[in-house]
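Take a look at the letters that make up each chain.
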Amino acid sequence: MENFPADDFAIQTRQPNPIILCAMSFVRSMRRLWRRRRWRKRSVFATQDVGLRERTQAFCDASTRGMRTRRAVALFAYIWNRPTDRGFITSLLRWIRLLEYDQPLRTAFNDSWLALLSGLDSVPLFADAGLPSSTALLHEAFRRLFQRLLPTAREESDTARLFTAIFSSSRSVERFVHLDASVFARVARILWPEGGLDAVPHMSDDIHQALSLLATRVAGRGVTAAVRQRGSSRNVENSPFYRLVFATDEFLRSLGTNDNLALDRWQRALHACRAEMIQVGLHMEEAGVSTALVFDLTSMDASLDRMQLLGSTIAASSRQAVQPARQLLNTLVAGRLEDTRLGPLIRQNLNLLARKTVERTGHSGEHYIANTRREYWLMWLAALGGGLLTVFTAAFKLRIIGNSFPLFVEGFLIGTDYAISFLLLQVFSLALATKQPSATGAALAGIVRENRGVSRWSKIADFAARISRTQLAAALGNVIAVCLGAIAFEQLWHKMFMHSYLPQQTAVHVYETLHPFTSGTSIDAAITGVILWLAAVIGGWCENFAVYNRLPEAIAQHPLGLKIGVRRMQRLAHWFENNIAAWSTSIVLGYMMGFFPEVARFFGLPLDIRHVTLNTGMLALAAARYGVSSFGHHWFYYAVAGIGMTFILNLSVSFGIASITALRAYNVRHEERVKILKYLIGQVLHSPLRFILPVDPVHKTLTISPAQEALDQENG
């Protein structure tokens, strides 16, 4: 035995430090606690849920189709409609583990599930769920509202009954659509039969019928006269929509024979239909848009998408092809819920209305933009003339208000005053600043739609700069002319009749109504901006209606030409085509501005119209009554501030609504709209002068990689 020195032996036999022992004991305790907690977390999904087992066993014990349907709804609604997402995923994983580890229960469930699938009718679900069905907004809205209150009774064999009962809320739909891929694969192994669609011939036959039904529906809409007149072929036999029916039938007969040529021909038929729809859409943009035709194109596009999903599912029906089935199920689940919601219906119809009107509104808006220096100074002259004409418009309005007519008579007279004034502006090619923003906003959106990639940014900046300086020139010209014209009008009136045009009470009323803080000037000015936009939309709709229905050609071919001359009728048709948008906008705007305050007063609402040029004329007439002394009163400056607020709100609200509506109609995404806004703000800060005067633009150099440019072009 080896002898250790005394010091070394003392070191080896020394007792451990108590502090170290306590620390080691604390670490061991924390490790045991952490392991116990992790074990509990792992076992939470393995813990049995009595409710799940009872509902699963009840479904397995069902002996009739109706009983299986009710108990299947009870089982899956119990899983999917949990209050929290954690509770949902916990319940789902517990049910999956229950069937994965309990083989007798799994066998009984598979037998009952296969019997349920064999007795269901899935054609309405495959062919109708989520697809547009009616263009009548009010009829469809009432139907959906009534269905939310009292759901439609369905047959026990209708598969949509399962979907409607289980996925009855947007939360349950989102849980299904965003389900993890691995979890979905485990669910599919339980619910999808071993032999795929071959094990459920009835469901395979339903997919066949749905494909045939969708192909017939697309062909029925595609061979109408409205589509053929705007497509590449007017012969029905040569229409790709007509050929789609035969290609679909050939594809369905080829299933199970490994005939890939039929599948290729069917896919080419789908692509040919889409190409034809693009051709029809391009023709509509040039020759007028129809709401019914746009709806038909939207419905056909959605039906073709559904056909591709069904075709992919039935062509790859093995258990390994989970992705096509999942895409189909996601579409059906989301579409079944949308069929009962009012929001998607309203958004769809508003988009149709926007598509119908924005093209023509944007086309008209191009005439309100000065592209050269000569056009810029001509806009100044037109604005000065428009301001002088507005003096008389404001004078007539104040005289009508002072006579205290009944509500309808007053609204009609004021509206007629406005309408005649706006028509005279059009006849003599004069300009009113507030009539332009709603039309130019649609034109700006057209620039966004027609350009892609990096070239879009410079064109947007140039176009926005031209719009901005044109609007500013028109507004300043209107304000300057209406102020000077009002002073001259008051002086001339006083010399002719030896008294002021406005009574003192009316002048005081003008000052009070224009105060920016003690009156509703800001609200009224914003509402006026909405009315300006709405009038431009109606004008675009009228022009689109005339072009789509070929009214100018009908006028030129009218039998009246035999009496007054064919050339006179042709000139009348040409005049109608060039002026229908402007005249309809002027008349509608005039009467909307005239009747809106009267309707508001009828309902007891303190609302009025605040139009920057008209109110400037009214203020100038009121100030001219007091002469130079007006500059010494604070109420005059408050009224001027109200005019400035009115100017900003009139232009910004009408231009903003028009731009957003047009961008949505052109399917420009929200992220892209934010990028456009940020870019325009940067351009204003970098070179503000080009947005005020017609100077040479100073372009900011953009450094963008080729990959980013290609991505921008792909995203549009």
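Please refer to the structure placed before this passage.
Let me begin by describing the structure that accompanies this report. Keep in mind that this is a model prediction, so the values were computed, not measured.

Basis of the calculations
Residues numbered from 1 in each chain as written. Predicted model: local features only at pLDDT ≥ 70, side-chain atom pairs only at ≥ 80, totals over all residues. Heavy atoms only, no water. Axes fitted to C-alpha atoms, helices over the stretch in contact; angles between N-to-C directions. Helix = DSSP H or I, 4+ residues; strand = E, 2+ residues; numbered from the N terminus. Parallel < 35°, antiparallel > 145°, perpendicular 65-115°, else oblique. Left-handed = near helix turned anticlockwise from the far one by under 90°. Contact = heavy atoms within 4.5 Å. Nonpolar A, V, L, I, M, F, W, Y, C, P; charged D, E, K, R; others polar. Phe/Tyr/Trp six-rings, centres within 6.5 Å; stacked < 30°, edge-to-face > 60°. Buried < 20%, exposed > 50% of the residue type's maximum accessible area, 1.4 Å probe, protein only. Lys NZ or Arg CZ within 6 Å of the ring centre and 35° of its normal. Salt bridge = Lys/Arg side-chain N within 4 Å of Asp/Glu carboxyl O. Expected span 1.5 Å × (residues − 1). Core = buried A, V, L, I, M, F, W, Y, C linked by side-chain atoms within 4.5 Å.

## As for the packing of helix α4 (residues 65-80) against helix α9 (residues 159-166)
Stage number 1. As a packed pair, α4 and α9 sit with axes 9 Å apart at the nearest point and diverge in direction by 30°. Here α4 is positioned roughly parallel relative to α9, judged by the angle of their axes. Where α4 crosses over α9, the handedness of that crossing is right-handed. Along its contact with α4, which presents Thr 69, Arg 70, Ala 72, Val 73, Phe 76, Ala 77 and Trp 80, the element α9 presents Arg 161, Leu 162, Ala 165 and Ile 166.
Stage number 2. Residues belonging to the contact of α4 with α9 are distributed by class as follows: eight nonpolar, one polar and two charged.

## Some thoughts on the packing of aromatic side chains
For any pair of aromatic rings, the description rests on two quantities: the centre-to-centre distance and the angle between the ring planes.
Stage number 1. A complete count under the given rule lists 32 aromatic pairs for this structure.
Stage number 2. Plain terms: the ring middles of Phe 167 and Phe 176 are 5.2 Å apart, the flat faces sit at 65° to each other, and that makes the pair edge-to-face.
Stage number 3. Phe 167 sits in the buried class, given a relative accessible area of 10%.
Stage number 4. Connected via pairs of aromatic rings, a cluster forms that spans Trp 80, Phe 88, Phe 163, Phe 167, Phe 176 and Phe 184.
Stage number 5. The aromatic ring of Tyr 501 is capped on one face by Arg 399, whose charged end is 4.5 Å from the ring centroid.
Stage number 6. Positioned above the aromatic ring of Tyr 626 is the side chain of Arg 625, whose terminal nitrogen or guanidinium carbon lies 5.5 Å from the ring centre.

## Section: the pattern of salt bridges
Stage number 1. On inspection of all chains with the given rule, the structure shows 13 salt bridges.
Stage number 2. Its salt-bridge partner being Asp 128, residue Arg 217 comes within 3.1 Å of it at the nearest N-O pair. On the criterion of sequence distance, the pair formed by Arg 217 in helix α12 (residues 201-222) and Asp 128 in helix α7 (residues 123-128) is long-range, its members being 89 residues apart.
Stage number 3. On the basis of relative accessible area, Arg 217 is assigned to the partly exposed category, the value being 24%.
Stage number 4. The residue Asp 296 makes a salt bridge to Arg 221 at a minimum N-O spacing of 3.3 Å. A residue pair is termed long-range when its members are at least 10 positions apart, and Asp 296 in helix α16 (residues 291-315) and Arg 221 in helix α12 qualify at 75 residues. Considered together, Asp 296 and Arg 221 belong to a single accessibility category, that of buried residues.
Stage number 5. When salt bridges with common partners are traced through the structure, they connect Arg 274, Asp 301 and Asp 305 into a single cluster.

## Describing the side chain of Arg 175
Stage number 1. Relative to the elements of secondary structure, Arg 175 occurs in helix α10 (residues 170-177).
Stage number 2. Take Arg 175: its relative accessible area is 6%, and that puts it in the buried class.

## Here's the deal with the packing of helix α3 (residues 50-61) against α4
Stage number 1. Interaxial distance between α3 and α4 falls to 8 Å at its minimum, and their mutual angle equals 160°. The orientation of α3 with respect to α4, classified from their angle, is roughly antiparallel. For the element pair α3 and α4, the recorded crossing hand is left-handed. Packed against α3, whose contacting residues are Gly 51, Leu 52, Arg 55, Thr 56, Ala 58, Phe 59 and Asp 61, the element α4 presents Arg 68, Arg 71, Ala 72, Ala 74, Leu 75, Tyr 78 and Ile 79 at the interface.
Stage number 2. Class assignment of the residues belonging to the contact of α3 with α4 gives a composition of eight nonpolar, two polar and four charged.

## Remarks on helix α28 (residues 612-626)
Stage number 1. For α28, which comprises 15 residues, the first-to-last C-alpha distance of 21 Å matches the rise-based estimate of 21 Å (1.5 Å per residue) to within 8%.
Stage number 2. Of all the 15 residues making up α28, 13 are buried; the element is thus mostly covered by neighbouring parts of the structure.
Stage number 3. The positive-phi residue at the C-terminal boundary of α28 is Gly 627, with phi of around 75°.

## Describing the nonpolar core
Stage number 1. One finds Trp 80, Leu 92, Trp 95, Phe 109, Leu 244 and Met 307 to be the most contacted residues of the largest nonpolar core, which totals 74 residues.
Stage number 2. When residues of this core are assigned to their parent elements, the largest contribution, nine residues, is made by α16.
Stage number 3. Trp 95 has contacts with Leu 52, Thr 56, Leu 75, Phe 76, Ile 79, Phe 109, Ile 190 and Leu 191, leaving out every residue within four places of it along the chain.
Stage number 4. Residues Val 391, Ala 486, Val 510 and Ala 620 belong to the second largest nonpolar core, which totals 24 residues.

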